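# Report on the structure
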Amino acid sequence: MKKIFLTISTLSVPVLVFSENLTQLEGSFKLGPAVILIAVLITFVAVGFLSRAKDTTDYYAAGRKISNVSSGMAIGANWMSAASFLGMAGMMYATGYNGLSYVVGWTGGYVLLLVLMAGQIRKYGKFTASDFIGDRYYSQGLRATSAIFTILISFAYCVGQFGGVGLMFKWILGIDYFWSVIIGASVVIFYTMISGMIGATKNMVIQYIILIIAFLIPTFLLTYKFDYFWLIPQFGYGSVVSDIVTGIPAPNIANGAALLNAYGHHVSLVPSPEFAMPWDPATGATAFQWMAICFSLMLGTAGLPHVLQRFYITPTIRDARLSCVWGLFFICVLYWSAPIYSVFGKILSSNPEVGNLASDAIVVYTAQLGNLPPLIVGLLAAGAVSAAFSTISGLLVAGSSAFSHDLYVKIINPAASPKAQLRMARFGTILMGVVVGIVAMLKLGMIAQLVAVAFSMAACTIFPLFLLGIWWSGSNRAGGIAGMSVGIAISLFALLYFIVAKSGGQLPGQAFVEHWLNVWYFAWIGAPLAILANIIVSKLTTPTPTEIKKFLIEKVHS
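Residues numbered from 1 in each chain as written. Predicted model: local features only at pLDDT ≥ 70, side-chain atom pairs only at ≥ 80, totals over all residues. Heavy atoms only, no water.

The next subject is the overall build of the protein. Looking only at helices and strands, one finds 22 helices and 2 strands in the protein. By residue count, 61% of the 558 residues in the protein fall in the buried class. For the protein, long-range pairs separated by at least 24 residues make up 84% of all intrachain contacts whose partners lie at least 6 apart in sequence. Only carbon and sulfur atoms are counted for the fraction: they give 71% of the accessible area of the protein, which is about 20,200 Å². (Helix = DSSP H or I, 4+ residues; strand = E, 2+ residues; numbered from the N terminus. Buried < 20%, exposed > 50% of the residue type's maximum accessible area, 1.4 Å probe, protein only. Contact = heavy atoms within 4.5 Å. Areas by Shrake-Rupley, 256 points an atom, 1.4 Å probe, with all protein chains shown as cover.)

Quick look at the structure:
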């Protein structure tokens, strides 16, 4: 097997080394990867076209007829965004152990969902997160506010995904980032617009299969080639971390042959103990930031509208719970594997001639520097596109549902016909997709960090309303408004400092706010304060109506 693998790798060297710079995303058109990408895109469009939404139930909730395993796969794909597929390994490559806070936070969030919300959300029987909030807190104002924040959260999350699509299209097709974003956005907007949740969900099942196969194959090949425990790469990469911490002398020999990257550099590295610590004085990362990111991402996961909306699509309450269990399993398969790319990226790029690589593309770079066959690298890029597309489609449906169902139908025009509702949903999908694509071209930050903004916003605004709305019947309209107001105020405060800093400006206490209320993790304080405000104001104002308390007891917690 090793001889076969080395032969394939040797044949692929000229293709990789002489046709492009391994550590640049610019380059020529790549035929093999392009064929894979085009086949994948045609499949997505075909599935979307064949699964066209016939009514609003199809568009918002996939007709409530998705099985728990398929729903779990769709949850996994919907969750396996460009931030997970590309950005998470990139964060660990750039910051070492500090980047694991994203893995812990995102995974922990799904455990929270499973324990606290999945079954109860399905029992409540609504279409969207805003629908639940407006009904539970008997407030059109909260319905409208949460719908607007659903759109903003989906927007912030979507920007990072479009950035990932742009990077991969740019690498495969050899075209400018601007056109890469436009092409990718056009495809995903088209099939989401015509199919809604039902077509997006069926595509997500296919997308998960593609992305997980694409992600796992290189982990086996890399650990095998560089003489680590390859039968279960998720265990084998632990030795790579130890080697990074203690250093790797050159030449590094396995089976009598030197281990080299695709440039012919020895796989060697000076000791880097900070790679295995949750803090690093060199980069300014602290243990507090590690914990704050974990906390914010956990609560944010349990408050993301497009995640909550997935529990409305199953036929029964039991299926909703099981879909969360399956989803957590499918997510963990990839999350357990992501650090492999970061550690191999670290050792394969250790030579000064390679230098520091762009973190958001470290997954593809690692496969290239590991001298894997070009088609494997192309499949990896197609997997990244699948990951981004699956999340974008879910976000577009969540955003357009908030626009058409919660704002237009429930507030602006309650008498709208089903056809008018469907038309507004499709219009919202196009509008949101176009605006997100424009913002994605600005390249405001790393993919995982851009996505973290959405999590912090969701943790401060949507999560407290769901948590207290489900589990405490005493939470009333006034309390909900107070909690939402506090969450919005803290979110806007953190975002203001972030935008000013990005623009080159300076506000009073800039350094203090950037450390303690950083835009990636301000929910560590924002969410508890929003919950506290909700409780205090609810205690001091008119109690929740009896019919809502009765509904919670008999229907939601029966």
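On we go from here.
Moving on, we get to the environment of Val453. Position of Val453 relative to the elements: it lies in helix H18 (residues 447-471). Linking Val453 and Trp520, residues 67 residues apart in sequence, is a C-alpha distance of 5.1 Å. Ignoring anything within four residues of it in the chain, the contact list for Val453 reads Leu495, Val519 and Trp520.

Their axes nearest at 7 Å, the elements helix H4 (residues 68-79) and helix H16 (residues 374-412) cross at an angle of 100°. Relative to H16, the element H4 lies roughly perpendicular. Judged by residue contacts, Ala77, Asn78 and Trp79 of H4 engage Ala387, Ser390, Thr391 and Gly394 from H16. Here the residues of the contact of H4 with H16 are counted per class, giving 3 nonpolar, 4 polar and no charged. (Axes fitted to C-alpha atoms, helices over the stretch in contact; angles between N-to-C directions. Parallel < 35°, antiparallel > 145°, perpendicular 65-115°, else oblique. Nonpolar A, V, L, I, M, F, W, Y, C, P; charged D, E, K, R; others polar.)

Where helix H6 (residues 100-124) contacts helix H22 (residues 546-556), the two axes come as close as 10 Å, and the packing angle between them is 115°. It follows that H6 is roughly perpendicular to H22 by the angle criterion. The handedness of the crossing between H6 and H22 comes out as right-handed. The segment H6 lies against H22, with Gln120, Lys123 and Tyr124 engaging Phe551, Leu552, Lys555 and Val556. Counted by class, the contact of H6 with H22 contains 4 nonpolar, 1 polar and 2 charged residues. (Left-handed = near helix turned anticlockwise from the far one by under 90°.)

In this structure the tally under the stated criterion is 2 salt bridges. Arg143 is paired through a salt bridge with Asp131; the nearest N and O atoms lie 2.8 Å apart. Placement of the pair is Arg143 in helix H8 (residues 140-173) and Asp131 in helix H7 (residues 129-136), with a sequence separation of 12 residues. The class for Arg143 is buried, based on a relative accessible area of 7%. On the accessibility criterion, Asp131 (3% relative accessible area) is buried. (Salt bridge = Lys/Arg side-chain N within 4 Å of Asp/Glu carboxyl O.)

Moving on, we get to the packing of aromatic side chains. On inspection of all chains with the given rule, the structure shows 24 aromatic pairs. When the centroid spacing of 6.0 Å and the interplanar angle of 50° are considered together, the rings of Phe44 and Phe389 count as tilted. With Phe44 in helix H2 (residues 31-50) and Phe389 in helix H16, this pair connects stretches of sequence that are 345 residues apart. For the pair formed by Phe44 and Phe389, the shared burial category is buried. (Phe/Tyr/Trp six-rings, centres within 6.5 Å; stacked < 30°, edge-to-face > 60°.)

Let us look at helix H17 (residues 418-440). Its 23 residues place the ends of H17 33 Å apart at the C-alpha level, agreeing with the 33 Å of an ideal helix rising 1.5 Å per residue. Looking at H17, one finds that the buried residues are Ala420, Gln421, Leu422, Ala425, Gly428, Thr429, Met432, Gly433, Val436, Gly437, Val439 and Ala440. (Expected span 1.5 Å × (residues − 1).)

Another point: helix H15 (residues 362-369). Burial of H15 is extensive: 8 of the 8 residues sit out of reach of the surface. Among the residues making up H15, those that are buried are Ile362, Val363, Val364, Tyr365, Thr366, Ala367, Gln368 and Leu369. Positioned one or two residues after H15, Asn371 has a phi angle of 60°, which is positive.

What follows concerns unusual backbone geometry. Even without glycine at this site, Asp227 takes up a positive phi of about 65°. Of note, Asp227 is situated in the loop between helix H9 (177-225) and helix H10 (233-246). Relative accessible area serves as the criterion here: at 45%, Asp227 is assigned to the partly exposed category. The phi angle at Asn371 is positive, at roughly 60°, despite the residue not being glycine. With respect to the element layout, Asn371 can be found in the loop between H15 and H16.

You can see Gly509 is positioned in the loop between helix H19 (477-502) and helix H20 (510-516). What makes Gly509 partly exposed here is its relative accessible area of 42%. For the pair Gly509 and Tyr497, spaced 12 residues apart in sequence, the C-alpha to C-alpha distance is 9.4 Å.

As a further point, take the nonpolar core. Grouped together as the largest cluster of nonpolar side chains are 159 residues, with contacts concentrated most on Trp79, Phe85, Met117, Phe344, Phe389 and Phe466. In terms of residue count, H9 provides more of this core than any other element does, 18 residues in total. Apart from residues no more than four positions distant in its own chain, Trp79 is found in contact with Ser84, Trp106, Tyr110, Tyr157, Thr301, Leu304, Val307, Ile331, Tyr335, Thr391 and Phe455. (Core = buried A, V, L, I, M, F, W, Y, C linked by side-chain atoms within 4.5 Å.)

A contiguous nonpolar surface patch, about 520 Å² in accessible area, is contributed by Phe229, Leu231, Ile232, Phe235 and Trp336. Following the sequence through the fold, Trp336 ends up in the loop between helix H13 (317-335) and helix H14 (338-348). (Patch = residues over 30% accessible without salt bridge, like charges linked within 9 Å, V, L, I, M, F, W, Y side chains within 5 Å.)

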